[in-house]
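Each chain, letter by letter, is given below.
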Amino acid sequence: MKRLIIDCDPGNGIAGANTDDGLALALALASPSLSVELITTVTGNTPSALGAQVAKDLLQRLGLNVPVVQGALQALREDPAPWRARLDGVKDANLAELWRGVRKPQLLAADGNDAAGVMGQLICDNPGEFTLVAIGPLTNVAQALQRYPQMAESVAEIVIMGGVFALDDYIKDTNFGLDPEAAHQVLHSGAAITLVPMDATTQTLMTHQDLNRLTTNDHPLPQFVRETLRPWIDYSIRTRHLPGCWIHDALVIAWLLNQRVADGVDYFVDIELRAGATRGKSWRYRSPLRLDIGVPEQTGALVHVMQNVNNPLLLEMIEKAFNQLQR
């Protein structure tokens, strides 16, 4: 059984907030071969306190006792104001109506507010035992690595949803763009890293028909997914002109369960930190750059980057995990 720490920014039940973190949590909790032992929340898609409420509410519905610890309130250096203005709430009343009748998470207290400390201590006390799933901005992970330098060697692997390399209309993604310094620190930490960029996750898709098929089980976990993903699918159809919605973070969990769901290639990867429109942009290349043109050979960190996704297999895996649940 693979032991997991999931660092996330879930927004299920919150009008206008992406639901892929909640779907990833649901898939991990439903999978017998995964043991979710700590959930930490970071400010990203939602503020860390709100994300903790979403996670606690889900666990209470399921009767599970997994610690949920709040983390960073804002990025290491990036100004949070422009991001919060973009991410907090739905400005269009017609779009907000999509969430009418959807239960909001209950106001439940988190199990602490030092995500970096709890995460770092747990990993370092159990070297080689934990896989860290980072599906929000990397602020908590960077702070943990700063406080526990041995964590880079102690963690079995860090699997990150972040970065975008070659998608039209995207200079940067939210997770890396919201905290570029944190992304840079984690990528260069020396830990074993698999990166799941938007180039891969935008190959995923869940339609209403898929959602209905995957959530026929009346267990509270698939019913949570059905209730909270339905308005987000409608929102994505209207605002992104998709036939459904991308399920970015669920791909990370699915890959831990079965690596046939996506293939990958090792790349040198780095993040643009300079001020300007491209700050937070990620880039990659395959071979060391030439010294004779004045570029350092070791620019970038070598990480495994996911590329091609088998979406039918991804949906099949979610359906199988949900169908085997029993009350």
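Residues numbered from 1 in each chain as written. Predicted model: local features only at pLDDT ≥ 70, side-chain atom pairs only at ≥ 80, totals over all residues. Heavy atoms only, no water.

Asker: Please explain the sheet that holds strand E7 (residues 262-271) as it appears in this structure.
Answerer: Strands belonging to one sheet form pairs held by backbone hydrogen bonds; the direction of such a pair is parallel or antiparallel. The strand order across the open sheet formed by nine strands is E3-E2-E1-E4-E5-E6-E9-E7-E8, and the pairing between neighbours is mixed. The open sheet has two edge strands with one neighbour each: strand E3 (68-70) and strand E8 (282-285). Averaged over all pairs of adjacent strands, the angle between strand axes in this sheet comes to 30 degrees, irrespective of strand direction. In this structure, E7 lies alongside strand E9 (residues 301-309), joined through seven bridges in antiparallel fashion. In the sheet register, Ala-262 faces E9, and the bridge partner there is Val-309. On the sheet, helix H1 (residues 20-30) packs against strand E1 (2-8) and strand E2 (34-41) and is oriented at approximately 165 degrees with respect to E1. Contacts from helix H5 (residues 115-125) reach E1, E2, E3 and strand E4 (130-134), with the element oriented near 150 degrees to E2. (Pairing = 2+ DSSP bridges. Helix = DSSP H or I, 4+ residues; strand = E, 2+ residues; numbered from the N terminus. Axes fitted to C-alpha atoms, helices over the stretch in contact; angles between N-to-C directions. Contact = heavy atoms within 4.5 Å.)

Asker: Explanation requested: H1 in the structure shown.
Answerer: The α-helix advances 3.6 residues per turn, and as a result positions three or four apart in sequence lie on the same side. Where burial is concerned, most of H1 is hidden: 11 out of the 11 residues are buried. Those residues of H1 not exposed but buried are Asp-20, Asp-21, Gly-22, Leu-23, Ala-24, Leu-25, Ala-26, Leu-27, Ala-28, Leu-29 and Ala-30. Taken together, the buried residues of H1 touch E1, E2, helix H2 (48-62), helix H12 (220-240), helix H13 (248-257) and helix H14 (311-323). (Buried < 20%, exposed > 50% of the residue type's maximum accessible area, 1.4 Å probe, protein only.)

Asker: Hey, could you run me through the nonpolar core in this one?
Answerer: Soluble globular proteins: nonpolar side chains tend toward being buried together. Judged by nonpolar contacts, the single largest core of 66 residues is most densely connected at Ile-6, Met-206 and Ile-318. Per-element accounting of this core gives the leading share, eight residues, to H1. In this view, Met-206 contacts Leu-23, Leu-211, Leu-214, Leu-229, Ile-233, Gly-244, Cys-245, Ile-247, Leu-315 and Ile-318; residues no more than four positions away in its chain are not counted. Core analysis: the next-biggest nonpolar cluster, separate from the first, contains 38 residues, Ala-115, Ile-123, Leu-145 and Val-155 among them. (Core = buried A, V, L, I, M, F, W, Y, C linked by side-chain atoms within 4.5 Å.)

Asker: Looking at this structure, I do not really get H13. What am I missing?
Answerer: Burial within H13 is extensive, with nine of its 10 residues counted as buried. Considered for burial, the residues of H13 that qualify are His-248, Asp-249, Ala-250, Leu-251, Val-252, Ile-253, Ala-254, Trp-255 and Leu-256.

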